[in-house]
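The residues making up each chain are set out below.
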Amino acid sequence: MEKITNKIWEQLLPSIIYSEEPVSRQELEKGVENGEYQLFKNDDCSVITACFEKTLTIGIAGGELKSLIKIAEKVEKYAKKRQYNNIKIIGRSGWEKVLEGYKKQKVIFKKEI
């Protein structure tokens, strides 16, 4: 079973800090352990996914950009093998420049109160 090591946590932390709803390390560990989240990793990056119906969502990712693009291929193979209909990525707009085959669908507006 995959564990959220210190190295993985450090890779993911920038993405977590800037997310809409930050998650704790303990929540991530529990989610990976019980299968709610999936962890994909290599030496230079880590990605956390979650399934919502027939969509696999990449919600947290961090590390080297080239490695993240390569690991996205592993995520796609995982999704195809499990017959998901699509992959959704929640991230900053800069990802649009480097992700091939993905289309921007929505923009999120937020007002702090």
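From a predicted model like this one, the values you see are computed outputs, not experimental measurements. (Residues numbered from 1 in each chain as written. Predicted model: local features only at pLDDT ≥ 70, side-chain atom pairs only at ≥ 80, totals over all residues. Heavy atoms only, no water.)

Colleague: Please set out the overall build of the protein chain residue by residue, giving values where relevant.
Modeller: Looking only at helices and strands, the protein chain has 3 helices and 4 strands in total. Start at the N end of the protein chain and walk to the C end: the helices and strands fall as α-α-β-β-β-α-β. Taken over C-alpha atoms, the radius of gyration comes to 14 Å for the protein chain, in line with the 13 Å a tight globule of 113 residues would show. With respect to the principal axes defined by its C-alpha atoms, the protein chain has extents near 40 × 35 × 30 Å. For the protein chain, with 113 residues in total, the buried portion stands at 31%. Here the contacts in the protein chain between residues at least 6 apart in sequence split such that 50% fall between residues at least 24 apart. Counting only carbon and sulfur atoms, one obtains 49% of the accessible surface of the protein chain, whose full area is about 8,700 Å². Side-chain charges in the protein chain split into 21 positive and 17 negative, and the spacing between the mean points of these groups amounts to 5 Å. (Helix = DSSP H or I, 4+ residues; strand = E, 2+ residues; numbered from the N terminus. Rg over C-alpha atoms; globule rule 2.2 N^0.38 Å. Buried < 20%, exposed > 50% of the residue type's maximum accessible area, 1.4 Å probe, protein only. Contact = heavy atoms within 4.5 Å. Areas by Shrake-Rupley, 256 points an atom, 1.4 Å probe, with all protein chains shown as cover. Lys, Arg positive; Asp, Glu negative; His and termini not counted. Charge placed at Lys NZ, Arg CZ, Asp CG, Glu CD.)

Colleague: Help me get a handle on the sheet that holds strand β2 (residues 45-52), residues and values and all.
Modeller: With mixed pairing, 4 strands are arranged side by side in an open sheet as β1-β2-β3-β4. What marks the edges here is a single partner per strand, and that holds for β1 (37-42) and β4 (86-89). Between one strand and the next, the sheet's axes are offset by a mean angle of 30°, whatever the strand orientation. Lying on the sheet, helix α1 (residues 6-17) is in contact with β1, β2 and β3 (55-63); it crosses β3 at an angle near 110°. Across the sheet, helix α3 (residues 65-81) touches β1, β2, β3 and β4, and the angle it forms with β1 is around 135°. (Pairing = 2+ DSSP bridges. Axes fitted to C-alpha atoms, helices over the stretch in contact; angles between N-to-C directions.)

Colleague: Could you give an account of the pattern of salt bridges, with specific residues and numbers?
Modeller: For side chains bearing opposite charge, pairing can occur when the charged atoms are close. Using the criterion set out here, one finds 2 salt bridges in the structure. Among the salt bridges present, the one from Lys104 reaches Glu96, with a minimum N-O distance of 3.4 Å. Given the relative accessible area of 54%, Lys104 is considered exposed. A relative accessible area of 48% means that Glu96 is categorised as partly exposed. (Salt bridge = Lys/Arg side-chain N within 4 Å of Asp/Glu carboxyl O.)

Colleague: Describe the layout of surface pockets, and please don't skip the residues or the numbers.
Modeller: Of the volumes computed, that of the largest pocket is approximately 2,000 Å³. Ile58, Ile89, Ile90, Gly91 and Arg92 are the residues nearest the centre of the largest pocket, which is lined by 49 residues in total. When contributions to the lining of the largest pocket are tallied by element, the ones reaching two or more residues are α1, β2, β3, α3 and β4. In terms of residues, the lining of the largest pocket owes the most to one element, β3, which gives 8 residues. Residue composition of the lining of the largest pocket, by class: 25 nonpolar, 14 polar and 10 charged. (1 Å grid on protein atoms, 1.4 Å probe; cavity = no way out; pocket = protein on both sides within 12 Å on 5 of 7 lines; lining within 4 Å. Points joined across faces, edges and corners; volume = space filled by probe spheres on them. Nonpolar A, V, L, I, M, F, W, Y, C, P; charged D, E, K, R; others polar.)

Colleague: So what about α1? Which residues, and what values?
Modeller: Taking 1.5 Å as the rise per residue, α1 with 12 residues should run 16 Å; its terminal C-alpha atoms sit 16 Å apart, in good agreement. Those residues of α1 that sit buried are Ile8, Trp9, Gln11, Leu12 and Ile16. Each buried residue of α1 lies within a common arc of 165° when the element is viewed along its axis, so the set occupies one face. Away from its buried face, by an angle of more than 90 degrees, α1 presents the exposed residues Asn6, Glu10 and Ile17. (Expected span 1.5 Å × (residues − 1). Arc of directions from axis to C-beta.)

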